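Notes for the structure review
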Amino acid sequence: MNLKEAYSWGVKFLEGNGVDEADFKSLCIACRVAGIKNSEYLSHINDDIIMSRLADMLWRVKAGEPLQYVLGKWDFFESEFYVGEGVLIPRPETEELVSLCLKYADKNKELVIYDLCSGTGCIGVSLAKKLPLSRVYCIEKSEKAFEYLKKNSEGVINVKAILGDINNDFDMPKADIIISNPPYIKSSDIPSLQSEVLLEPETALDGGADGLDFYRIINDKWADKMKDGAMLFLEIGNEQGREITSVLTNFKNVEIHKDLYKNDRMVTGIKA
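Below: a short report on this structure. Everything numeric in this text was worked out from a predicted model, so none of it was measured.

What follows deals with the pattern of salt bridges. Scanning the entire structure with this criterion turns up 17 salt bridges. In this structure, aspartate 169 engages lysine 221 in a salt bridge whose closest nitrogen and oxygen atoms are separated by 2.9 Å. Of this pair, aspartate 169 sits in the loop between β5 (159-163) and β6 (175-180) while lysine 221 is found in helix α8 (residues 213-222), placing the two residues 52 residues apart along the sequence. Overall, the relative accessible area of 60% leaves aspartate 169 in the exposed class. For lysine 221, a relative accessible area of 23% corresponds to the partly exposed category. Residues joined by salt bridges that share partners form a network here, namely Asp20, Lys25 and Glu196.

Here it is as structure tokens:
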């Protein structure tokens, strides 16, 4: 079966089993099996592909496994990151956080950057590639997620992957920038999340009773690890804009930034 036939067959299979976005998911799977980018599909429609692998991936999606886990990699910012069971899937909103940070970061300076609750390392690795003079410390406590962090940071010489809990102390130089997409979903909201999201690690989602536990840790413990005038960049839930300003007491000029959908999504601040 060639790529075009495989793609069409995949669409019918997924639609017939009630899977949403069947066109997109079938295209992603067919192109992954063919070893090409989605944008290269039309140039390879007559290529033969391995049907057994295609069928296996389609069945996994039908069973409810996140597409990103099935593919094993996912695009984020300007790179591709390994993903799989046990790690949070990179999302477009977090790309906006990286872009916001890069607007303020001076690429000609030797910056020290902490990426807290790093997960795949998509934030820290992306910044390290764009800021080659910087030193980026990516901290992640989950051993499963840390394996992806290590893999995604291989060859990026200005990234240091650290296995550890942000409640603990680390021997690192003071930071010019702290950036994080921490867990921020209220514990009580976890059961109502989409079924695919529930297959992602709960530790990467659960932000405590009000969703703000990790912001308190960052405020209370990590502000002292920043240089004077250092900047904070955080992703937040779209209903946390008002509350977050009362949590970040160790920062001044705290501002809420909206994402492309006009939702509160990011916070910036300067160490007070």
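Now, onward.
The next point concerns helix α6 (residues 122-130). Among the 9 residues that make up α6, 7 are buried, leaving the element largely enclosed by the rest of the structure. Along α6, the positions that sit buried rather than exposed are Cys122, Ile123, Gly124, Val125, Ser126, Leu127 and Ala128.

Membership of the largest hydrophobic core comes to 35 residues, with the highest contact counts inside it found for Tyr114, Ile166 and Trp222. Residue assignment for this core shows that the elements contributing at least two residues are β3 (112-116), β4 (135-140), β6, α8, β7 (226-235) and α9 (241-247). The greatest single-element share of this core, amounting to 5 residues, is contributed by α8. For tryptophan 222, the residues in contact, after removing those within four places along its chain, are Tyr114, Leu116, Ile139, Ile166, Asn168, Phe170, Met172, Ile178 and Ile217. Judged by nonpolar contacts, the second largest core, of 31 residues, contains Phe13, Val33, Leu58 and Val70.

What follows deals with the pairing of strand β2 (residues 79-82). Here β2 shows a clear split, with Ser79 and Phe81 buried on one side and none of Glu80 and Tyr82 buried on the other. Linking two consecutive strands that pair antiparallel, namely strand β1 (residues 73-76) and β2, is a turn of 2 residues; a positive phi of about 55 degrees is found at phenylalanine 77 within it.

Cut-offs used in this document
- Residues numbered from 1 in each chain as written.
- Predicted model: local features only at pLDDT ≥ 70, side-chain atom pairs only at ≥ 80, totals over all residues.
- Heavy atoms only, no water.
- Salt bridge = Lys/Arg side-chain N within 4 Å of Asp/Glu carboxyl O.
- Helix = DSSP H or I, 4+ residues; strand = E, 2+ residues; numbered from the N terminus.
- Buried < 20%, exposed > 50% of the residue type's maximum accessible area, 1.4 Å probe, protein only.
- Core = buried A, V, L, I, M, F, W, Y, C linked by side-chain atoms within 4.5 Å.
- Contact = heavy atoms within 4.5 Å.
- Pairing = 2+ DSSP bridges.

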